[in-house]
Amino acid sequence: MSLADTANKPSVESAPPSMCGIAGILSSGAAAPPSPAELSAMIGQLHHRGPDGTGAYCQGEMGLAHARLSIIDLAGGDQPI
């Protein structure tokens, strides 16, 4: 691909989102377990990946979060976390 080919491609900032986002934390040892605030901050950085909903789940040393991009099943396609 030449430089001329890349000049016409949209940048990440201007391109529409094309997939959902997921983030996670796994603590070990003396590290504190993940907090909902940490997960919220992480998924906030991925908001462009899925502006249609977010969710988070913490249990013990593990935390998961997601940002949902609605492509199909807009009303009933919520993620399980």
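Everything here concerns the structure above.
Residues numbered from 1 in each chain as written. Predicted model: local features only at pLDDT ≥ 70, side-chain atom pairs only at ≥ 80, totals over all residues. Heavy atoms only, no water.

Before going further, it helps to examine the overall build of the protein chain. A count of helical and extended segments in the protein chain gives 2 helices and 3 strands. When its helices and strands are written in sequence order, the protein chain yields α-β-α-β-β. Counting all 81 residues of the protein chain, 21% fall into the buried class. The long-range share in the protein chain, meaning contacts at least 24 apart out of those at least 6 apart in sequence, stands at 46%. Roughly 5700 Å² of accessible area belongs to the protein chain as shown, and the carbon and sulfur atoms make up 60% of that amount. (Helix = DSSP H or I, 4+ residues; strand = E, 2+ residues; numbered from the N terminus. Buried < 20%, exposed > 50% of the residue type's maximum accessible area, 1.4 Å probe, protein only. Contact = heavy atoms within 4.5 Å. Areas by Shrake-Rupley, 256 points an atom, 1.4 Å probe, with all protein chains shown as cover.)

A contiguous nonpolar patch, built from Ile22, Tyr57 and Leu64 and spanning about 280 Å² of accessible area, is present on the exposed surface. Structurally, the position occupied by Leu64 is in strand S3 (residues 62-67). (Patch = residues over 30% accessible without salt bridge, like charges linked within 9 Å, V, L, I, M, F, W, Y side chains within 5 Å. Salt bridge = Lys/Arg side-chain N within 4 Å of Asp/Glu carboxyl O.)

Moving on, we come to the pairing of strand S1 (residues 21-26). Here S1 shows a clear split, with Gly21, Ala23 and Ile25 buried on one side and none of Ile22, Gly24 and Leu26 buried on the other. As defined by bridge partners, S1 adjoins S3 across 6 bridges and the pair is classed as antiparallel. Note that in S3 the partner of Gly21 across the bridge is Ala67. (Pairing = 2+ DSSP bridges.)

Time to look at the pairing of strand S2 (residues 54-59). Two strands pair when backbone bridges link them, and S2 and S3 are joined in this way by 6 bridges, in the antiparallel orientation. Bridge pairing in S3 places Thr54 opposite Ala67. Where S2 folds back on S3, the antiparallel hairpin that results is connected by 2 residues, among which Gly60 adopts a positive phi of roughly 60°.

This next bit is on the side chain of Ser27. Counting through the fold element by element, Ser27 comes out in the loop between S1 and helix H2 (36-45). Within the local environment of Ser27, its side chain forms a polar contact with the backbone oxygen of Ala32, the two atoms lying 3.0 Å apart. Discounting chain neighbours no more than four positions away, the residues touching Ser27 are Ala32, Pro33, Pro34 and Glu61. (Polar contact = N/O pair within 3.5 Å; in protein donor to acceptor, adjacent residues only side chain to side chain.)

The sheet built from 3 strands is open, its strands ordered S1-S3-S2 with antiparallel pairing. Every other strand in the sheet has two partners, leaving S1 and S2 as the edge strands with one partner each. Recorded for the sheet is a direction-independent mean angle of 10° between the axes of neighbouring strands. Those strands touched by H2 are S1, S2 and S3, and its axis lies near 145° from that of S1. (Axes fitted to C-alpha atoms, helices over the stretch in contact; angles between N-to-C directions.)

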